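Inside the fold
These are the residues of each chain, in order.
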Amino acid sequence: MRIRFVMGEVWNGLRRNLTMTFALIITIAVSLSLLGAGLLVRQQVTQMKGYWFDKVEVSVFLCTKNSQELSCTGAASAEQKAVLATELDEMKPLVQDVYFETAEEAHERFQAQFAGSPIADSATPADLGESFRVKLSDPDRYSVITSAFDGKPGVERVDDQKQVLDKLFRLLDGLQAIALGIALAMLVVTVLLVGNTMRLAAFSRRRETGIMRLVGASKFYIQLPFLLESVVAALFGAVIAVSALVGMKVVLIDRFLEPSFQFTPFVGWDSVWQTSVVLIALGVGLAALAAVITLRRYLRV
Amino acid sequence: MIRFDNVTKLYKNQHSPALRDVNVEIERGEFVFLVGPSGSGKSTFLRLCLKEDKATSGTVWVAGKDVGKLPSWRVPQLRRQLGTVFQDFRLLPNKTVAQNVAFALEVIGKPRSHIRRVVPEVLEMVGLEDKMQRMPGELSGGEQQRVAIARAFVNKPNILIADEPTGNLDPNTSIGIMKLLDRINRTGTTVMMATHDAQIVDQVRKRVVELADGIVVRDQARGVYGYAH
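Residues numbered from 1 in each chain as written. Chains lettered and ligands numbered in written order. Predicted model: local features only at pLDDT ≥ 70, side-chain atom pairs only at ≥ 80, totals over all residues. Heavy atoms only, no water.

**Describing a nonpolar patch on the surface**
Under the convention used in this document: Only residues whose relative accessible area exceeds 30% and that form no salt bridge enter a patch; like-charged residues are grouped when within 9 Å of one another, and nonpolar side chains (Val, Leu, Ile, Met, Phe, Trp, Tyr) when within 5 Å. Calculation of accessible area relied on Shrake-Rupley with a 1.4 Å probe; when residues are assessed, cover is drawn exclusively from the protein chains displayed. What makes a salt bridge here is a side-chain nitrogen of Lys or Arg within 4 Å of a carboxyl oxygen of Asp or Glu, nothing more. To qualify as a helix, a DSSP run of H or I must reach at least 4 residues; to qualify as a strand, a run of E must reach at least 2; elements of each kind are numbered from the N terminus.
A surface patch of nonpolar side chains, about 470 Å² in accessible area, is lined by A:L168, A:L171, A:L175, A:I178 and A:I182. Summarising the element assignment, A:L168 is placed in helix α8 (residues 161-204).

Printed below as a string of C-alpha cells:
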C-alpha cells in the first residue's frame with residue numbers, strides 16, 4: 001500500500017476533472033444544506049411543540065353582563081360558577097389544574113399585552129369577564145372540555161389555544177416537509193451526479209486502469225483513487241453545508257429571530273453539531289456508495 | 001507452464017466458436033509463436049491465458065492453476081506472473097519512460113526503494129538507459145516497444161505474452177525486438193508471441209502453433225510461418 005502514490009492519483013484525478021469536481025462539491029453542499037435546514041426546522045418544531053403544548057390551556061369564559069349567547073342571562077352567577085368548578089374538578093385526571101381568573105386579573109393581563117394601544121385604555125374589567133383556565137394532562141383531548149362546557153348555563157364560550165397553535169404548527173410542518181422533500185430530491189441528484197462523474201473519470205483514465213489491470217493491480221488499488229476522489233469532494237461539500245448551518249444559526253437565529261421572539265426557545269448549538277455530524281456522515285456515505293456502485297459497472301477488473 | 005485441455009470458447013451472439021477443442025501444452029522456458037490469419041483465435045488464446053475471458057468449456061492451466069476456477073480476487077496475482085506486450089505499446093503519454101516502467105510496480109504496491117533499484121536495471125537491459133527521462137512521444141516505435149517490454153518484464157514474470165509486438169514496426173526494428181524477446185526467453189521466462197510476421201518466424205525457427213478457424217492445425221517444434229498469405 002503506497003499512500004503517497006494513491007494520494008497523488010486522487011489529486012491528479014480531481015484536478016483533471018476540475019469542473020466536474022466543482023459541480024460535485026456545489027451539488028453536495030446545496031443538497032446537504034437543505035437537508036440540514038430541514039432537520040433543524042424539524043427539531044425547532046419539536047422543541048416549540050414541547051414548550052407551547054406544556055403551556056396551552058383551555059379557557060372557559062363566563063358570561064358577562066353584555067353577553068349575547070343563549071346560555072347567558074346576564075353575568076354568570078355564583079351558583080353557576082360553583083357548579084362549573086365542581087364539574088371541572090370531577091374531570092380529573094384529564095383536568096390537571098384549574099385556575100380561576102377574575103375580571104380584574106384579566107384586565108391587568110390585557111393592559112400588559114396591549115400596553116400603549118388605545119384598546120387597552122378603553123377596556124374595563126367588566127368587558128373582559130371571568131374565566132376558568134383549565135390545564136389538561138393531554139392537550140390533544142381538549143374537545144372533551146369543549147363539548148362538556150360549551151352552551152352550559154353561565155358559559156359564554158370555550159376557547160382552546162391549541163387550535164390556534166395547531167394551525168401554526170401545521171404551517172411549520174408543511175414548510176419542513178417541503179424542505180426535506182427538496183433535500184431528498186437533491187440527494188438523488190447528488191447520487192446520480194457522483195455516479196456520472198465517476199463514470200467520466202473512469203473513462204478518461206481507462207488507459208491507466210487498463211495497464212493497472214494487466215500488470216495485476218488489485219481491484220482495491222485500482223478503485224481506491226476514484227473512491228477517495230468522490231469522498232474528498234463530498235467532504236468539501238459537507239464542510240460547506242455545515243458552514244451554512246452555522247451561518248444560519250448565528251445570523252438568522254441568534255442575531256435576528258431570538259431577540260424578536262423572546263418567549264420562543266430556539267434550537268441550540270448542540271442541535272447544530274448533531275445535524276452537522278449527520279450531514280457529513282450522510283454526504284460521505286452516499287458519495288462512497290454511489291462511487292462503488294458505478295465503479296463496479298464501469299471499471300471492470 | 002500453460003496448458004489448454006479441450007478448450008472451446010464461444011463468444012456471445014456468435015455462431016461459430018473462436019476456439020474449438022484446443023489442446024496445447026507449453027513447457028516452462030519455451031518460446032512459442034502463435035500464428036494464423038486474423039480471426040483464427042490467436043487473441044482469444046492469449047485472452048484466456050490472462051483470464052480476460054473465460055473458456056466456454058475445457059480447462060486452461062496457467063502457472064499450475066486452473067484459470068477458470070480462479071476467484072476474481074485471485075486474478076491480479078495470476079497477472080503478476082504474466083508480462084504482457086501489445087502491438088500498440090500502451091504506454092502512458094504523460095509519464096516519462098522510467099515512470100511508465102515504475103507505474104507497473106507502484107500499482108502492485110512495491111516499495112519505493114525496490115522500484116528505484118530495478119527500473120534502471122531493466123531499462124538498461126532493453127537498451128534505453130540513456131532515455132529514461134524522455135517522454136514516450138519523443139521515442140521511435142521500436143524504442144516505445146522496448147519500454148513496453150521493460151514494463152512487462154520489470155516484475156520478473158514467469159510468462160511473457162506478446163500480441164503482435166512487431167506489428168507496427170519495420171523489419172529491422174522488429175529483429176531488434178525479437179532479439180530482446182529471445183534474451184528474455186533465455187533468462188528462463190516462457191514467451192508466447194502471436195504474430196503475422198512470417199519473416200521473423202522463418203528466421204528464428206522456434207516452436208510454431210498455427211490456428212485456423214479456432215482449430216490447432218499445426219504444432220511444430222522448429223517451424224516456419226508456412227501458410228499462404
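Next comes the rest of the write-up.
**Thoughts on the packing of helix α9 (residues 206-214) of chain A against helix α10 (residues 219-260) of chain A**
Residue and element names in this part refer to chain A. Formally: Lines fitted to C-alpha atoms define the axes, with helix axes restricted to the stretch in contact, and inter-axis angles between N-to-C directions lie between 0 and 180 degrees. Small angles under 35 degrees read as roughly parallel and large ones over 145 as roughly antiparallel, with 65 to 115 read as roughly perpendicular and the rest as oblique. In this description, contact between two residues means that some pair of their heavy atoms is separated by no more than 4.5 Å.
In contact at an axis separation of 10 Å, α9 and α10 are set at 155° when each is read in the N-to-C sense. On the basis of the axis angle, α9 is roughly antiparallel to α10. Contact residues: α9 offers T209, M212 and R213, while α10 offers Y221, I222 and F226.

**A look at a negative patch on the surface**
Note the threshold: For the purpose of counting charges, residues Lys and Arg are taken to be positive, whereas Asp and Glu are taken to be negative. His and the chain ends are not included. Taken as the charge centre is NZ of Lys, CZ of Arg, CG of Asp or CD of Glu, depending on the residue.
Taken together, the side chains of B:E121, B:E124, B:E129 and B:D130 present a region of like negative charge at the surface. Within the secondary structure, B:D130 is located in the loop between α4 (112-125) and α5 (141-153).

**Regarding the sheet that holds strand β4 (residues 155-160) of chain A**
Residues and elements named next belong to chain A. Applied cut-off: Here, a strand pair is defined by DSSP locating no fewer than two bridges between the strands.
With antiparallel pairing, four strands are arranged side by side in an open sheet as β2-β3-β1-β4. The open sheet has two edge strands, β2 (95-101) and β4, and neither has a second partner. Neighbour to neighbour, the strand axes of the sheet diverge by 20° on average, direction disregarded. Note that strand β1 (residues 58-62) and strand β3 (residues 131-136) share four bridges and pair antiparallel. The residue of β3 that forms the bridge with S59 is R133. On the sheet, helix α3 (residues 78-90) packs against β1, β2, β3 and β4 and is oriented at approximately 0° with respect to β3. Its contacts with the sheet put α8 on β3 and β4, and the angle it makes with β4 is roughly 35°.

**Some points on empty space enclosed by the protein**
Regions of empty space are outlined by a rolling probe, equal in size to a water molecule, passed over the atoms. What counts is decided by this rule: For cavity detection a 1 Å grid was placed over the protein atoms alone, and a set of points counts as a cavity when a 1.4 Å probe fits there but cannot get out; an open set counts as a pocket when protein lies on both sides within 12 Å along at least five of seven lines, with lining residues being those that have an atom within 4 Å of a point. Grid points are joined across faces, edges and corners, and a volume is the space filled by probe spheres set on the points. Note on residue classes: Ala, Val, Leu, Ile, Met, Phe, Trp, Tyr, Cys and Pro are nonpolar, Asp, Glu, Lys and Arg are charged, and everything else, Gly too, is polar.
All chains considered together, the criterion is met by five cavities of 30 Å³ or more. In this model, the largest cavity occupies a volume close to 170 Å³. Elements represented by at least two residues in the lining of the largest cavity include exactly α9 of chain A together with α2 (75-80), β6 (82-86), α3 (97-106) and α5 of chain B. Looking at the lining of the largest cavity, the element that brings in the most residues is β6(B), giving four residues. In terms of residue class, the lining of the largest cavity is built from 11 nonpolar, three polar and four charged. Roughly 60 Å³ of volume is contained in the second largest cavity. Around the second largest cavity, the lining residues are A:I28, A:S31, A:L32, A:L187, A:T190, A:V191, A:V194, A:L282, A:G283, A:L286 and A:A287.

**Describing the packing of aromatic side chains**
Residues and elements named next belong to chain A. Operational definition: Any Phe, Tyr or Trp ring, taking Trp's six-membered ring, that has another such ring centre within 6.5 Å forms a pair; planes under 30 degrees apart are called stacked, those over 60 apart edge-to-face, and the others tilted. For every residue, the accessible area obtained with a 1.4 Å probe (protein chains only) is divided by the maximum for its type, and the residue is called buried under 20%, exposed over 50%, and partly exposed between those limits. Only lysine NZ and arginine CZ atoms are considered, and such an atom sits over a ring when it is within 6 Å of the ring centre and within 35 degrees of the ring normal.
All chains considered together, the criterion is met by four aromatic pairs over all chains. Between the aromatic rings of W269 and W273, the centroid separation amounts to 5.5 Å while the plane-to-plane angle is 25°, which identifies the pairing as stacked. Note that W269 and W273 are positioned in helix α11 (residues 269-298) at a spacing of four residues, about one turn of the helix. Classification of W269 by relative accessible area gives partly exposed; the value is 33%. W273 gets classed as partly exposed once you look at its relative accessible area, which sits at 45%. Sitting over the face of the ring of F226, R205 holds its NZ or CZ atom 4.2 Å from the ring centroid. Note that R206 overlies the ring of F203, its terminal NZ or CZ placed 4.1 Å from the centroid.

**Re the interface of chain B and chain A**
Threshold: The quantity reported as buried area is the accessible area (1.4 Å probe) lost by two parts once they are put together, taken as the sum for both. Distance and chemistry together define a polar contact, namely a pair of N or O atoms within 3.5 Å, with one atom able to donate a hydrogen and the other to accept it when in protein, and with adjacent residues in sequence counting only for side-chain atoms on both sides.
Opposite the 24 residues of chain B that make contact, chain A presents 19 residues. Buried area between chain B and chain A, summed over both chains or domains, comes out near 1,900 Å², and the portion from carbon and sulfur atoms is 55%. For the pair chain B and chain A, the interface holds one salt bridge. Where chain B touches chain A, the interface holds four residue pairs in polar contact (both at pLDDT 80 or more). Elements with a minimum of two residues in the side of chain B that touches chain A: α2, β6, α3 and α4 of chain B.

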